[in-house]
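Each chain is listed here by its residues.
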Amino acid sequence: RKGTPTLQAMLANALANSQWVQADSIKVIEKTAVPVINLTTQPLSTSSLGVKLDVTFEGPEHRGVASTQLVQDLICEFPPLKSIVLILRTLLFEKRLDNAYTGGLTCFGLVLLVARYLQHVNQKSLTDDPMHPPSPSCGALLSGFLSFFGSNFDPHTQGISIDAGAHSRSGK
């Protein structure tokens, strides 16, 4: 019915009246495959920042549970993944590139990029010396990631797949 608020709008209104939410941070994005409410919590102390949250609703296009399981599996498979992603998320946040709705990169997208790079490093180390693969430091992995995606990767001609274990070139 016209004029009837959506579930997202009603929840956003209720959240705006909650003490733990920064009311001016609430943004409802309904015209997407998975509607979302973006918000930021109140800081826990004067020296901390609030936590950014996305609230989504279950539906046929929602893949949140499966995505969460994939991220947990990737963290188990690649222990440095979590640290590298946290460092990169901080850099993206500082440059205001952490929001897909404003042209930034989602955390899930970043996890996939880092996981793909770590797959590449593991494959390379196994082909170099399968009996004694090196274990690069987190700093070396971060540096290698930035070098690879900053200098070698061309998003116009290449794609990423963690299933295939390789980046692929398009015919364009």
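Residues numbered from 1 in each chain as written. Predicted model: local features only at pLDDT ≥ 70, side-chain atom pairs only at ≥ 80, totals over all residues. Heavy atoms only, no water.

1. Re the packing of aromatic side chains
Okay, step 1: A complete count under the given rule lists 6 aromatic pairs for this structure.
Okay, step 2: Measuring from ring centre to ring centre gives 6.1 Å for Y117 and F148, while their planes differ by 40 degrees; the resulting arrangement is tilted. Residue Y117 is found in helix α4 (residues 107–128), and its partner F148 is found in helix α5 (residues 138–152); the two are separated by 31 residues along the sequence. One exposure class covers both Y117 and F148, and it is buried.
Okay, step 3: Aromatic rings pair up to connect Y117, F145, F148, F149 and F153 into one cluster. (Phe/Tyr/Trp six-rings, centres within 6.5 Å; stacked < 30°, edge-to-face > 60°. Helix = DSSP H or I, 4+ residues; strand = E, 2+ residues; numbered from the N terminus. Buried < 20%, exposed > 50% of the residue type's maximum accessible area, 1.4 Å probe, protein only.)

2. A look at the sheet that holds strand β1 (residues 27–29)
Okay, step 1: An order of β1-β2-β3 is seen for the 3 strands of this open sheet, with the pairing classed as antiparallel. If you trace the sheet from one side to the other, it starts and ends with β1 and β3 (52–56), each paired once. Taken over all neighbouring pairs, the strand axes of this sheet differ in orientation by 20 degrees on average, direction set aside.
Okay, step 2: As judged from the 3 bridges shared by β1 and strand β2 (residues 36–40), these two strands associate in the antiparallel manner. Opposite I29, over in β2, you have V36 as the bridge partner.
Okay, step 3: Against the sheet, helix α1 (residues 7–16) touches β1, β2 and β3, its axis set at about 10 degrees to β2. (Pairing = 2+ DSSP bridges. Axes fitted to C-alpha atoms, helices over the stretch in contact; angles between N-to-C directions. Contact = heavy atoms within 4.5 Å.)

3. Notes on the nonpolar core
Note on soluble globular proteins: their nonpolar side chains tend to be buried together.
Okay, step 1: One finds L81, V114, Y117, L118 and F145 to be the most contacted residues of the largest nonpolar core, which totals 23 residues.
Okay, step 2: Elements that contribute at least two residues to this core include exactly α2 (64–77), α3 (80–94), α4 and α5.
Okay, step 3: Excluding anything up to four places from it in sequence, Y117 contacts L141, G144, F145, F148 and F149.
Okay, step 4: A12, I26, I37 and L39 belong to the second-largest nonpolar core, a separate cluster that totals 6 residues. (Core = buried A, V, L, I, M, F, W, Y, C linked by side-chain atoms within 4.5 Å.)

The quantities given are spatial measurements derived from coordinates; they are silent on function.
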